[in-house]
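# Structure assessment
The chain contents come next:
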Amino acid sequence: MQLQSNANVNYLLFGWRRLSWRRALIVMYDISMVTLAFPFAIILREWPLMRPETFDAMILGTVTLLAITIVTYSILALHRGMWRYATLADLLAAGKFVTLITLVFVPAMFFLDRLSNVPRSVLIIMWLLAIVGLCGSRAVYSRFFARTSMATIGTRNGPPGTVMPILLVGSGDSAELFIHLCERQSDSSSRLLVVGILDDAATPGRTLGGVPILGRLDDFRQNLTRLRVAGVAPSRMIVTRPHSDFDPEALDQLIRRAVGAGLIVDQLPDLLRFKNHSQQDAQGTITSMSVDRDVSPGYFRVKRLVDLAVSSVVLICLSPLMLAIVAVVRLALGEPAVFTQLRVGLHGRRFLLHKFRTMRDPAGKDGKLIPDDLRLSKVGSFLRRTRLDELPQLFNVLKGDMSLIGPRPLLEEDQPKVGRSLSVERLSVRPGLTGWAQVNGGQMLTASQKNALDLFYIHNASPFVDTRIVFLTLRMIVIGEKVNLKEISRAEAVIATG
């Protein structure tokens, strides 16, 4: 125990020496952003009528906050996260870091100054400024990097990308290198998507290059079921380290299970000769798409600006509520608090949709799928009823995967098809957090009714229609879903006549 304690102290004292200049810049930026949030909050609140006592409290608080931030930052090692691959989990980690700093800072300042010279609203403003500084900068940089790299799933007007989910065995430098190579693929017609890592030596729940450590090698069946529910069932499994690094019996059993489940098993060196055969998937779905009808291009460009502004403001305002939901979901359902699922978006591009978890683990101890009615919790029912489970999709809106209003994003197997290809018209706009189908019946509608309402919206989208959808969404949250047969019949008639 004493040796372990000494090792931790040595890491805190000397770990910074091993930082690269890039990581050192991240450390300096994060610490500065959190520390300066306090004086900036006081200036915003008090300027230009700042009293001398408040100025003294600002100096004392800034020094105290700097010390607390450095110690907390060292313990949590927030700088290990990579900005270019910032995920929702990374942003939530930054948010929790700021919240922890604030919870420590308040009693410390009360002890030193009794907060007699600091307005209470300053602490809230400080928390919001720090959240925006850490989370906002990471989200913007990640989005910028995604635009400037070759990591897109498809091109805007070209064929949409097919996605080949891959499961890695073994963590470490080689696995991280492969993850980054997948992110920087130059082939825009398809994409390799690493969906998880199995490793007996790694801690489940942590991430490597933004990819979660799912569990041990023995947990293959349970995790395969979970990935299938998320719509990202792996088609390949890649062993990233030499076989001598694993328990031979456990690795052999894992490979046999993977082959039995239909996965192709590769070794990392074989990737030098890797050929992607996923130009057309097993179901014979879409392999090319061209949008022959530009739907109200001017209005939808304006909608994108509104999406950016509104989603940013709402995320900031609701961030305390979202952190509270994360805590409740973790207590009720365990890790992870956020559920992701592969959906089809604009021009057929695949993207990962985020939601708060509402169901218990889909896999039993034997790896078999548990029925949905046995998995839904009371907490999950409440989140679904109030639509709070969909708040993380605001990050999808911010990234550009979704819009605030539009057709709901569907799984590929649920996507309406014309022949053997996905419906082009429905995918000509970004899917929405809410939409015409949701406010006129939602889950109570049939697939054909939803499609008719979605197409009706695409043909008739306008500021007036969007405003009406917003108010109907608020009403739906209060009184629940209600089928509007009049609007359904109207939509079906309009679509039938072309």
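About the thresholds
Residues numbered from 1 in each chain as written. Predicted model: local features only at pLDDT ≥ 70, side-chain atom pairs only at ≥ 80, totals over all residues. Heavy atoms only, no water. Helix = DSSP H or I, 4+ residues; strand = E, 2+ residues; numbered from the N terminus. Buried < 20%, exposed > 50% of the residue type's maximum accessible area, 1.4 Å probe, protein only. Contact = heavy atoms within 4.5 Å. Areas by Shrake-Rupley, 256 points an atom, 1.4 Å probe, with all protein chains shown as cover. Expected span 1.5 Å × (residues − 1). Arc of directions from axis to C-beta. Polar contact = N/O pair within 3.5 Å; in protein donor to acceptor, adjacent residues only side chain to side chain. Salt bridge = Lys/Arg side-chain N within 4 Å of Asp/Glu carboxyl O. Pairing = 2+ DSSP bridges. Right-handed = clockwise from strand over helix to strand, strands pointing away. Core = buried A, V, L, I, M, F, W, Y, C linked by side-chain atoms within 4.5 Å. pLDDT = per-residue confidence, 0-100.

When helices and strands are tallied, the protein chain shows 16 helices and 12 strands. Counting across all 498 residues of the protein chain, residues that qualify as buried make up 48%. For the protein chain, contacts bridging at least 24 residues in sequence account for 75% of all contacts bridging at least 6. As displayed, the protein chain offers around 25600 Å² of accessible surface, 62% of which is attributable to carbon and sulfur atoms.

Look at helix 15 (residues 463-479): 24 Å from first C-alpha to last across 17 residues, which is about the 24 Å you get at 1.5 Å a residue. Among all positions of helix 15, only Val465, Asp466, Ile469, Leu472, Thr473 and Met476 are buried. The buried residues of helix 15 occupy one face: seen down the axis, they fall within an arc of 120°. Facing away from the buried side of helix 15 by more than 90 degrees, the exposed set consists of Pro463, Phe464, Phe471, Val478 and Ile479.

The next point concerns the side chain of Lys355. With respect to the secondary-structure elements, Lys355 resides in strand 8 (residues 350-356). We classify Lys355 as buried; its relative accessible area is 18%. Within the structure, the side chain of Lys355 is placed 3.5 Å from the side chain of Asp389, a separation counted as a polar contact. Residues within four places of Lys355 in sequence aside, it is in contact with Ala337, Val338, Phe339, Asp389, Glu390, Pro392 and Gln393.

On inspection of all chains with the given rule, the structure shows 13 salt bridges. The shortest N-O distance in the salt bridge between Asp199 and Arg241 comes to 3.0 Å. Placement of Asp199 in the loop between strand 2 (190-198) and strand 3 (207-208) and of Arg241 in the loop between strand 5 (236-239) and helix 8 (248-260) is noted, with a sequence separation of 42 residues between them. By the burial criterion, Asp199 is buried, and Arg241 matches it. For Glu481, the salt bridge is made with Arg387, and the minimal N-O distance between the two is 2.6 Å. Separated by 94 residues along the polypeptide, Glu481 in the loop between helix 15 and helix 16 (485-496) and Arg387 in the loop between helix 11 (378-386) and helix 12 (393-399) bring together distant segments of the chain. Among the charged side chains, a network of salt bridges with common partners joins Asp199, Arg241 and Asp245.

In terms of residue burial, strand 7 (residues 338-344) counts as a mostly covered element, since five of its seven residues are buried. Pairing between strand 7 and strand 8: seven bridges, direction antiparallel. Bridge assignment links Phe339 to a residue of strand 8, and that residue is Lys355. Hairpin connection between strand 7 and strand 8: a loop of five residues separates the two successive antiparallel strands, and His347 in this loop has a positive phi of roughly 55°.

Where burial is concerned, the two faces of strand 5 agree: the one with Arg236 and Ile238 and the one with Met237 and Val239 are both buried. Sheet topology note: the strand 5/strand 6 (residues 264-267) ladder contains four bridges and is parallel. Considered in strand 6, the bridge of Met237 is made with Val265. The parallel pair strand 5 and strand 6, bridged by helix 8, forms a crossover whose chirality is right-handed.

A separate point is the nonpolar core. Core analysis: the biggest nonpolar cluster contains 71 residues, and Phe38, Phe105, Phe356 and Trp436 have the highest contact counts within it. With nine residues, the single largest contributor to this core is helix 9 (residues 297-333). Setting aside chain neighbours within four positions, we find Trp436 in contact with Leu453, Phe456, Tyr457, Arg468, Ile469, Leu472 and Glu487. Residues Val169, Leu217, Ala230 and Met237 belong to the second largest nonpolar core, which totals 21 residues.

Now for the confidence of the model for the protein chain. For the protein chain, per-residue confidence averages 75 on the pLDDT scale, and 77% of positions sit at 70 or higher. Of the regions scoring below 50 in pLDDT, residues 146-160 engages in 41 contacts with residues more than four places distant in sequence or in other chains. Contacts of residues 274-296 to residues separated by more than four positions or lying in other chains number 53 contacts, the stretch itself having pLDDT below 50.

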